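Analysis of the macromolecular model
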Amino acid sequence: MSSSAPIGVFDSGLGGLTVVREMISQLPNESIIYFGDTARVPYGPKSPDTVLRYSREITSFLKGEGVKALVVACNTATAHALPALREEFDFPIIGVIEPGARAAVAVTKTKRVGVIGTAGTIKSRAYETEIRKLLPDAQVTAQACALFAPLVEEGWLDSEVTRAIARNYLAPMVSAEVDTLVLGCTHYPLMKTVIGNVVGRDVRLIDSAHETARQVAEMLRANGLENATPNDARYRFVSSDAPDTFLALGQTFLGSPIDRVETLTLG
Ligand code: DGL
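This section reports on the structure supplied with the text. (Residues numbered from 1 in each chain as written. Predicted model: local features only at pLDDT ≥ 70, side-chain atom pairs only at ≥ 80, totals over all residues. Heavy atoms only, no water.)

Now for the pairing of strand 1 (residues 7-11). Along strand 1, five of the five residues are buried, which leaves the element largely enclosed by surrounding structure. On strand 1, burial covers both faces: Ile7, Val9 and Asp11 on one face and Gly8 and Phe10 on the other are all buried. Bridge count between strand 1 and strand 2 (residues 32-36): five bridges; the pairing is parallel. Considered in strand 2, the bridge of Gly8 is made with Ile33. Tracing the backbone out of strand 1, into helix 1 (residues 17-26) and back to the parallel element strand 2 gives a crossover that is right-handed. Both strand 1 and strand 3 (residues 69-72) contribute to a ladder of four bridges, which runs parallel. (Buried < 20%, exposed > 50% of the residue type's maximum accessible area, 1.4 Å probe, protein only. Helix = DSSP H or I, 4+ residues; strand = E, 2+ residues; numbered from the N terminus. Pairing = 2+ DSSP bridges. Right-handed = clockwise from strand over helix to strand, strands pointing away.)

Set out below in C-alpha cells:
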C-alpha cells in the first residue's frame, strides 16, 4: 500500500467532519476521502444489523478508492460494526469509541464518568466496555440523547428549547456527580456550551475527535504508512444524498469551507 494513498473516513452524515478537522490539523500531509451517508442518516435509532450493513457497503466503496487506512468517525457505526470491519478488511481501521474512552480515563479523578450518545451507541454499552477495560472500577452513567443530533442539524446549538432538552437529558449526570462526560456522538462537540452549562464548569467534556486523530497518527507510524511529502494532501467529500446541504452545513463541522461534494448512491 502506497503511503501517499488517502485515509478513508466515514460517518452517517456530516458530524464525522469534526474528526476530519482534527486529522487535517494533526496530519497535514495526509489525503482524506470522506463519505457521509446523508441518504440514510440517522444511524442512532437503527438496528445493529442495518448499521453493520451500511458500514460494510461504505467500507467496500472506500476500499475501491484505494484507501490505506480507515477511520469510522461515527460512534454508532463504531459500536455496531468495528469488530466485523476489522475482520473483513485488510487495512488498519480505527473507531472513535476506544479513543474517547482512553481520553476520559486519562482525566477522571473521581472515576465517575458519564457517557452520552445515540440510542444505538448507549444500548450497545460499547463505551462502558472500553472504559472498564482501562479502569475496571469506573462508575459509568450512560444516557441516550436522541434529540441532540437533530437540534445540531437544525443549527439550534444554544436556543431555549435546546437548553431545556439538555437539562432533561443530563439530569442523571448531575445526580451521579460525574467529573468527566464523554460526548459520544459526532454532533455533541458543537453543543459544548449548553452541555457544559448544564453539567457545570468543573466537569471535563471529552470530544473523541482529538484523541482519534492522535491514534490515527500513531497507527500510520506503526504501519509505516505516513505520507512524508509536504503539500501533497488532497481532500474529497462524497455524500449519498443532498450535496447542497452538505456544502451548506458541512463547514460548521469542518471549520473551513468545502468547495465540492460528489454524490454516490449505495445499497
Ligand atoms: N454520527 C452519529 C454518531 O456519532 C450521530 C448521528 C446519527 O444518529 O446517525 O453516533
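Outside of glycine, negative phi angles account for most residues, and trans bonds account for most peptide bonds. Here the bond from Val41 into Pro42 is cis, since omega is 5°, no more than 30 degrees from zero. Looking at the element boundaries, Pro42 is found in the loop between strand 2 and helix 2 (48-64). Even without being a glycine, Glu177 presents a positive backbone phi close to 50°. Mapped onto the secondary structure, Glu177 falls in the loop between helix 8 (160-175) and strand 7 (180-184). Phi at Ala242 is positive, roughly 45°, even though this residue is not glycine. On the basis of relative accessible area, Ala242 is assigned to the partly exposed category, the value being 31%.

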